[in-house]
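These are the residues of each chain, in order.
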Amino acid sequence: MRGFKQPDFADRQKAAKQAKQDLLSKFRARPGPDDPEVAKRRAEREAIAANRERIRQEKEAAKAEEVRRATEAAAAEAARIAREKEDEGARLAALEAEQKAKRDARYAARKARGKKK
């Protein structure tokens with residue numbers, strides 16, 4: 001590496017100044033906020049954001065509807081179970097009354113047979 005020359009302070013200072021100038025010229029070349037391209041990109045981003053918000057609201061509405069349906073289904077199921085328990089209780093009460101009536105009839109028949117003797 002015979003031709004390599006170590007950069008001295010002046011070379012480094014010149015390179016740093018050139019880098020700053022390049023960065024400044026790049027910044028100045030950027031379009032301003034009133035440029036039509038910038039406004040077009042901003043409008044596209046706003047449209048995308050509005051679309052995302054609409055989709056999010058639709059998902060929330062669907063989720064709320066699903067929760068409402070599940071709640072209604074659970075309430076209907078609870079009402080059905082309560083009705084079945086009530087019907088079962090009424091059926092058992094009727095069965096007990098029928099058995100008691102049969103038992104009372106047998107007892108009355110036995111008593112009647114005993115008095116005839």
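Structure's up top.
First things first, this report covers the structure right here in the doc. Quantities reported herein were computed from a predicted structural model and do not represent experimental measurements.

1. So, the overall build of the protein chain
Phase 1 of the analysis: Across its full length, the protein chain holds 2 helices and 0 strands.
Phase 2 of the analysis: In terms of C-alpha radius of gyration, the protein chain reaches 46 Å, well past the compact-globule figure of 13 Å for 117 residues.
Phase 3 of the analysis: Here the C-alpha coordinates of the protein chain stretch approximately 145 × 45 × 20 Å along the principal axes.
Phase 4 of the analysis: Out of the 117 residues belonging to the protein chain, those deemed buried represent 1%.
Phase 5 of the analysis: Put simply, the protein chain shows about 11200 Å² of open surface, and 57% of that area lies on carbon and sulfur atoms.

2. Observations concerning the environment of Asp11
Phase 1 of the analysis: Summarising the element assignment, Asp11 is placed in helix α1 (residues 9-29).
Phase 2 of the analysis: Exposure remark for Asp11: the relative accessible area of 37% places this residue in the partly exposed category.
Phase 3 of the analysis: Along the primary structure Asp11 and Glu98 are separated by 87 residues, whereas in three dimensions their C-alpha atoms are 115 Å apart.

3. Quick look at the pattern of salt bridges
Phase 1 of the analysis: Applying the stated criterion across every chain yields a total of 11 salt bridges.
Phase 2 of the analysis: One salt bridge in this structure joins Glu72 and Arg68, with 2.5 Å as the shortest N-O distance. Taken together, the residues span about one helical turn, with Glu72 and Arg68 both in helix α2 (residues 36-116) at a distance of 4 residues.
Phase 3 of the analysis: Overall, the relative accessible area of 46% leaves Glu72 in the partly exposed class.
Phase 4 of the analysis: What makes Arg68 partly exposed here is its relative accessible area of 37%.
Phase 5 of the analysis: Close ionic contact of Arg80 with Glu84 constitutes a salt bridge, the shortest N to O distance being 2.4 Å. One end of the pair is Arg80 and the other is Glu84, both in helix α2 and 4 residues apart, which spans about a single turn.
Phase 6 of the analysis: Each member of the salt-bridge network shares a partner with another, and the members are Glu65, Arg68, Arg69 and Glu72.

4. A look at a positive patch on the surface
Phase 1 of the analysis: A surface patch of positive charge is lined by Arg103, Arg106, Arg110, Lys111, Arg113 and Lys115.
Phase 2 of the analysis: One can find Lys115 in helix α2.

What counts, and at which threshold
Residues numbered from 1 in each chain as written. Predicted model: local features only at pLDDT ≥ 70, side-chain atom pairs only at ≥ 80, totals over all residues. Heavy atoms only, no water. Helix = DSSP H or I, 4+ residues; strand = E, 2+ residues; numbered from the N terminus. Rg over C-alpha atoms; globule rule 2.2 N^0.38 Å. Buried < 20%, exposed > 50% of the residue type's maximum accessible area, 1.4 Å probe, protein only. Areas by Shrake-Rupley, 256 points an atom, 1.4 Å probe, with all protein chains shown as cover. Salt bridge = Lys/Arg side-chain N within 4 Å of Asp/Glu carboxyl O. Patch = residues over 30% accessible without salt bridge, like charges linked within 9 Å, V, L, I, M, F, W, Y side chains within 5 Å. Lys, Arg positive; Asp, Glu negative; His and termini not counted. Charge placed at Lys NZ, Arg CZ, Asp CG, Glu CD.

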